[in-house]
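Summary of structural features
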Amino acid sequence: MKVAVVGASGQVGSLLCRVLDEDSAFSCVPLNHAAADVTDLEGLRQLFRELRPSAVCSTAAFHNVEECEKDPDAAFRVNALGARNLALACRDVGASLLWFSTDYVFGGDKADRTRGYTEFDPVGPGNAYARSKLAGEQYIRSIWPEHFIVRTAWLFGASGSRSKGGNFVTTMLRLGKERRHLRVIDDQVGSPTSTRFLALQVLALLRTERFGTVHAVCTGSASWYDLAREIFRLARMDVAVFPVSTEEYGQTVPRPRFSVLENYVLSLEGMNRMPPWQEALERYVREVLG
Ligand SMILES: NC(=O)c1ccc[n+]([C@@H]2O[C@H](COP(=O)([O-])OP(=O)(O)OC[C@H]3O[C@@H](n4cnc5c(N)ncnc54)[C@H](OP(=O)(O)O)[C@@H]3O)[C@@H](O)[C@H]2O)c1
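Anyway, here's the lowdown on the structure attached to this text. (Residues numbered from 1 in each chain as written. Predicted model: local features only at pLDDT ≥ 70, side-chain atom pairs only at ≥ 80, totals over all residues. Heavy atoms only, no water.)

Once that is clear, we can look at the overall build of the protein chain. When helices and strands are tallied, the protein chain shows 11 helices and 12 strands. Relative to the globule expectation of 19 Å for 290 residues, the C-alpha radius of gyration of the protein chain, 18 Å, shows essentially globular dimensions. Principal-axis analysis of the C-alpha atoms places the extent of the protein chain at approximately 55 × 40 × 35 Å. With 290 residues in all, the protein chain has 57% of them scored as buried. Seen as two clouds, the 34 positive and the 34 negative side-chain charges of the protein chain have centres 3 Å apart. (Helix = DSSP H or I, 4+ residues; strand = E, 2+ residues; numbered from the N terminus. Rg over C-alpha atoms; globule rule 2.2 N^0.38 Å. Buried < 20%, exposed > 50% of the residue type's maximum accessible area, 1.4 Å probe, protein only. Lys, Arg positive; Asp, Glu negative; His and termini not counted. Charge placed at Lys NZ, Arg CZ, Asp CG, Glu CD.)

In this section: the pairing of strand β3 (residues 55-58). Because side chains alternate across β3, one face comprises the buried residues A55 and C57, and the other comprises V56 and S58, equally buried. Sheet topology note: the strand β1 (residues 2-6)/β3 ladder contains 4 bridges and is parallel. Bridge pairing in β3 links V3 to A55. (Pairing = 2+ DSSP bridges.)

Right, let's talk about the packing of aromatic side chains for a bit. Per the counting criterion, the structure on display carries 8 aromatic pairs. Relative to Y264, the ring of F120 lies with its centre 6.0 Å away and its plane at 85 degrees, an arrangement referred to as edge-to-face. Here the residue F120 occupies a position in the loop between β4 (96-102) and α5 (128-143), and Y264 occupies one in helix α10 (residues 264-268), the gap between them amounting to 144 residues. Judged by its relative accessible area of 59%, F120 falls in the exposed class. Centre to centre, the rings of W154 and W224 are 3.5 Å apart; their planes meet at 5 degrees, and the pair counts as stacked. Of this pair, W154 sits in the loop between β5 (147-152) and β6 (155-156) while W224 is found in helix α8 (residues 224-234), placing the two residues 70 residues apart along the sequence. Of the two residues, W154 and W224, both sit in the buried class. In this arrangement the basic side chain of R84 is found over the ring face of Y139, its NZ or CZ atom lying 6.0 Å from the centre. (Phe/Tyr/Trp six-rings, centres within 6.5 Å; stacked < 30°, edge-to-face > 60°. Lys NZ or Arg CZ within 6 Å of the ring centre and 35° of its normal.)

Okay, the pattern of salt bridges next. Scanning the model with the defined rule gives 16 salt bridges in all. Residues E42 and R45 are paired through a salt bridge, measuring 3.8 Å at the closest nitrogen-oxygen approach. Remark: R45 and E42 occur in helix α2 (residues 41-51); sequence separation between them is 3 residues, near one turn of the helix. A relative accessible area of 18% means that R45 is categorised as buried. Between R257 and D187 there is a salt bridge, and its shortest N-O distance comes to 3.0 Å. In this pair, R257 is assigned in the loop between α9 (246-249) and α10 and D187 in the loop between β7 (181-185) and β8 (189-190), connecting sequence segments 70 residues apart. R257 gets classed as partly exposed once you look at its relative accessible area, which sits at 29%. The network of salt bridges with shared partners includes E42, R45, R49 and D92. (Salt bridge = Lys/Arg side-chain N within 4 Å of Asp/Glu carboxyl O.)

It is at 8 Å that the axes of helix α4 (residues 72-93) and α5 come closest, and there the two elements cross at 15 degrees. Here α5 runs roughly parallel to α4, going by the angle between their axes. α4 and α5 meet at a crossing whose hand is right-handed. Of the residues in α5, those in contact with P72, A75, F76, N79, A80, L81, A83, R84, A87, L88 and R91 of α4 are A128, Y129, R131, S132, K133, A135, G136, Y139, I140 and I143. When its residues are assigned to classes, the contact of α4 with α5 shows 14 nonpolar, 3 polar and 4 charged. (Axes fitted to C-alpha atoms, helices over the stretch in contact; angles between N-to-C directions. Parallel < 35°, antiparallel > 145°, perpendicular 65-115°, else oblique. Left-handed = near helix turned anticlockwise from the far one by under 90°. Contact = heavy atoms within 4.5 Å. Nonpolar A, V, L, I, M, F, W, Y, C, P; charged D, E, K, R; others polar.)

It is worth spelling out the pairing of β4 at this point. Extensive coverage of β4 is indicated by the burial of 7 of its 7 residues. Alternating positions in β4 separate into two faces, S96, L98, F100 and T102 on one and L97, W99 and S101 on the other, with burial throughout. Relative to β4, β3 runs parallel, the two sharing 4 bridges. Within the sheet, the bridge partner assigned to V56 lies in β4 and is L97.

For the rest of this paragraph, the subject is the nonpolar core. Grouped burial of nonpolar side chains is what soluble globular proteins tend to show. Membership of the largest hydrophobic core comes to 73 residues, with the highest contact counts inside it found for L16, L20, V150, L206 and L281. L31, V38, W99 and W144 belong to the second-largest nonpolar core, a separate cluster that totals 27 residues. (Core = buried A, V, L, I, M, F, W, Y, C linked by side-chain atoms within 4.5 Å.)

Buried within helix α6 (residues 168-178) we find V169, M172, L173, L175 and G176. Capping the start of α6 is the job of one residue whose side-chain oxygen sits 2.9 Å from the backbone nitrogen of V169: N167. (Polar contact = N/O pair within 3.5 Å; in protein donor to acceptor, adjacent residues only side chain to side chain.)

For R52, which is not glycine, the phi dihedral falls at a positive 50 degrees. By the secondary structure assignment, R52 is in the loop between α2 and β3. Backbone geometry places R236, a non-glycine residue, at a positive phi of 50 degrees. Relative to the assigned elements, R236 resides in the loop between α8 and β12 (240-244).

Keep in mind these values describe shape, not function.
And the structure:
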């Protein structure tokens, strides 16, 4: 199966290309930003007509939350209209589209926190980034039925996020070397997720025609504070971590206080292969520290 990966040099894109290359059932065509710009509809159409992929996976996004709030036009151009362009170009050539979305489409005011949000819970985006990603989801659903919208969250993986300049784990490991004390937010709870396991889950989806919206996160939940403490424990670093609220920390763009996802659809289908976040984190910290 020929799979074109748009946003191939990013955190998820680079690992996705690697796992596709390792699997003889797939042939991967990596497309970086210069090769495929999702804001250029005609360029995408022409490219896909030449490449004739069976599937297109796109990680392309403008997802720095603060930057999106300052420049919502750019967020909607890339995250919403970019998704529409991908759906149109995929429809032209009959390629299925796998597109990554976010836990932030949910508002975070879930009453029952004993389980995470499922694919069937109502959305309620609270910032420009989340609104633009939700608009992207809606375009894809209305244009091209042969899609997988994969909502994921709190990613850590090999290359670090391009637009965020790393990921939370690498940031903590760097700060832990520079400081003995750190203040970390404890009133945002989510689903820390490894890009490696996400990529493997994506490959399992691509082998099927079980189209629609799926949540794909590592199981369990944590606050940023919980995650930081676990990182330092695994790395055997002696850093004192102090819990602070979002307000005390000084984050001003609204983020959901609870955005834990449940891989409900994958579980119903018997396809959930995401491990607990602690297991995935241990593997990742070992990789980073060598
Ligand atoms: N990181 C997270 O914690 C997280 C959480 C939930 C959901 N997600 C979603 O997961 C996906 C992947 O995230 P990631 O961490 O892998 O992001 P990333 O490292 O920033 O990668 C995104 C890639 O998209 C490319 N890109 C940006 N604008 C583009 C455009 N107009 N056309 C084509 N390519 C473009 C970037 O290339 P350049 O850098 O060269 O511009 C980059 O290679 C995104 O859709 C994001 O919304 C991420």
